[in-house]
Amino acid sequence: MESTRQAERQRTAAERRRRELLEAADRVVLRDGPGASMNAIAAEAGITKPILYRHFGDKGGLYRALAKRHTDALLSALRAALDAPAERRERVEATLDTYLAAIEARPQVYRFLMHPSDDAVPSPEQGFDVGRHSAPLLRRLGEELATVIAERVDLGPDSQEMARIWGHGIVGMMHAAGDWWLGERPCSREQLVRSLADLLWGRLAAVSDRPGGPGF
């Protein structure tokens, strides 16, 4: 029994330490964006780089942990927007706005997750190999949104396949349009939300909610 309690205490301490290290990494990412390095994160956390590697394995492991942390938070916010007591069009716009507001509020975090470092001379101590990891992040968002769509609307006999097409298509649209908008700011966020909702609205306006589902 005592060994079980000790193992539980060790697990809890390890989880707390891992959370603290991710918070330190977040602070560096907010400051340095895609140029965040393992050296800078270790210094921010007050530890040596080998200890950081011990917790996450390598830069890729730390990147994946940060990506999961932020993707989980974003998915929770998107689901809250979809569950808001409002008309379908309003919920579509609220969902699009939630995504755009998230990348606008923390652009350095977004650039870290989606863009490689702009350093002219790559170095093992500079930046993260973001290109290898951003595609899986987008695929996860697409699959999660596909699940939400499949739960909520009746897309006919091929509903599951259609939900995946819609989920990945909508994520691709949000990502591409949001990336362009964040870099150039050619219009207000509200205008972009309305325009993207117009683009989506055709069939989405016509489909019925899935019987017994939470509605869309």
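Here we summarise the structure given alongside this text. Keep in mind the model is a prediction, meaning the values are calculated, not measured.

1. Here's the deal with the overall build of the chain
Okay, step 1: When helices and strands are tallied, the chain shows 9 helices and 2 strands.
Okay, step 2: Counting helices and strands in the order they occur from the N terminus, the chain gives α-α-α-α-α-α-α-β-α-α-β.
Okay, step 3: Expressed as lengths along the three principal axes of its C-alpha atoms, the size of the chain is roughly 55 × 55 × 30 Å.
Okay, step 4: By the burial criterion, 39% of the 216 residues in the chain qualify as buried.

2. Considerations on the pattern of salt bridges
Okay, step 1: All told, the structure shown has 16 salt bridges when counted by the stated rule.
Okay, step 2: Across the pair Asp32 and Arg31 runs a salt bridge whose closest N-O atoms are separated by 3.0 Å.
Okay, step 3: Put simply, Arg164 and Glu143 hold a salt bridge, and the shortest N to O gap is 2.4 Å. A residue pair is termed long-range when its members are at least 10 positions apart, and Arg164 in helix H8 (residues 159-184) and Glu143 in helix H7 (residues 131-152) qualify at 21 residues.
Okay, step 4: Taking relative accessible area as the criterion, Arg164 reaches 46% and is therefore assigned partly exposed.
Okay, step 5: Each of Arg27, Arg31, Asp32 and Glu44 takes part in salt bridges that share partners, so that together they form one network.

3. Structural notes on the packing of helix H3 (residues 49-56) against helix H4 (residues 59-82)
Okay, step 1: Across the interface, H3 lies against H4 with an axial gap of 8 Å and an inter-helix angle of 60°. On the basis of their axis angle, the class for H3 and H4 is oblique. By crossing handedness, the relation of H3 to H4 is classed as left-handed. Contacts between H3 and H4 pair Leu52, Tyr53 and Phe56 from the former with Lys59, Gly61, Leu62 and Ala65 from the latter.

4. Let's talk about the side chain of Thr95
Okay, step 1: By the element assignment, Thr95 lies in helix H5 (residues 88-105).
Okay, step 2: When neighbours within four sequence positions are excluded, Thr95 is seen to be in contact with Leu78, Ala81 and Leu82.

5. Quick notes on the environment of Asp58
Okay, step 1: Locating Asp58 in the fold gives a position in the loop between H3 and H4.
Okay, step 2: Put simply, Asp58 and Leu137 are 79 residues apart on the chain and 18 Å apart in space, counted from C-alpha to C-alpha.
Okay, step 3: Excluding anything up to four places from it in sequence, Asp58 contacts Met38, Tyr53 and Arg64.
Okay, step 4: Polar side-chain contacts of Asp58 include one of 3.1 Å to the backbone nitrogen of Gly60.

6. Overview of the packing of aromatic side chains
Okay, step 1: Counted according to the given criterion, the structure contains 1 aromatic pair.
Okay, step 2: Between Arg185 and the ring centre of Trp181, over which it is positioned, the NZ or CZ distance is 4.6 Å.

7. Re H4
Okay, step 1: Under the 1.5 Å per step criterion, the end-to-end length of H4 is 34 Å for 24 residues, consistent within 8% with the ideal 34 Å.
Okay, step 2: A side-chain oxygen of the first residue of H4 lies 3.1 Å from the backbone nitrogen of Gly60; this N-cap is Asp58.

8. Some details on unusual backbone geometry
Okay, step 1: For Arg185, which is not glycine, the phi dihedral falls at a positive 45°.
Okay, step 2: Along the chain, Arg185 falls in the loop between H8 and helix H9 (189-206).

9. As for the environment of Arg17
Okay, step 1: Residue placement: Arg17 occurs in helix H1 (residues 2-32).
Okay, step 2: The exposure class of Arg17 is partly exposed, given its relative accessible area of 28%.
Okay, step 3: As a C-alpha pair, Arg17 and Gln160 span 143 residues in sequence and 40 Å in three-dimensional space.
Okay, step 4: Setting aside residues up to four positions removed in sequence, Arg17 forms contacts with Ala45, Ile47 and His55.

Parameters at a glance
- Residues numbered from 1 in each chain as written.
- Predicted model: local features only at pLDDT ≥ 70, side-chain atom pairs only at ≥ 80, totals over all residues.
- Heavy atoms only, no water.
- Helix = DSSP H or I, 4+ residues; strand = E, 2+ residues; numbered from the N terminus.
- Buried < 20%, exposed > 50% of the residue type's maximum accessible area, 1.4 Å probe, protein only.
- Salt bridge = Lys/Arg side-chain N within 4 Å of Asp/Glu carboxyl O.
- Axes fitted to C-alpha atoms, helices over the stretch in contact; angles between N-to-C directions.
- Parallel < 35°, antiparallel > 145°, perpendicular 65-115°, else oblique.
- Left-handed = near helix turned anticlockwise from the far one by under 90°.
- Contact = heavy atoms within 4.5 Å.
- Polar contact = N/O pair within 3.5 Å; in protein donor to acceptor, adjacent residues only side chain to side chain.
- Phe/Tyr/Trp six-rings, centres within 6.5 Å; stacked < 30°, edge-to-face > 60°.
- Lys NZ or Arg CZ within 6 Å of the ring centre and 35° of its normal.
- Expected span 1.5 Å × (residues − 1).

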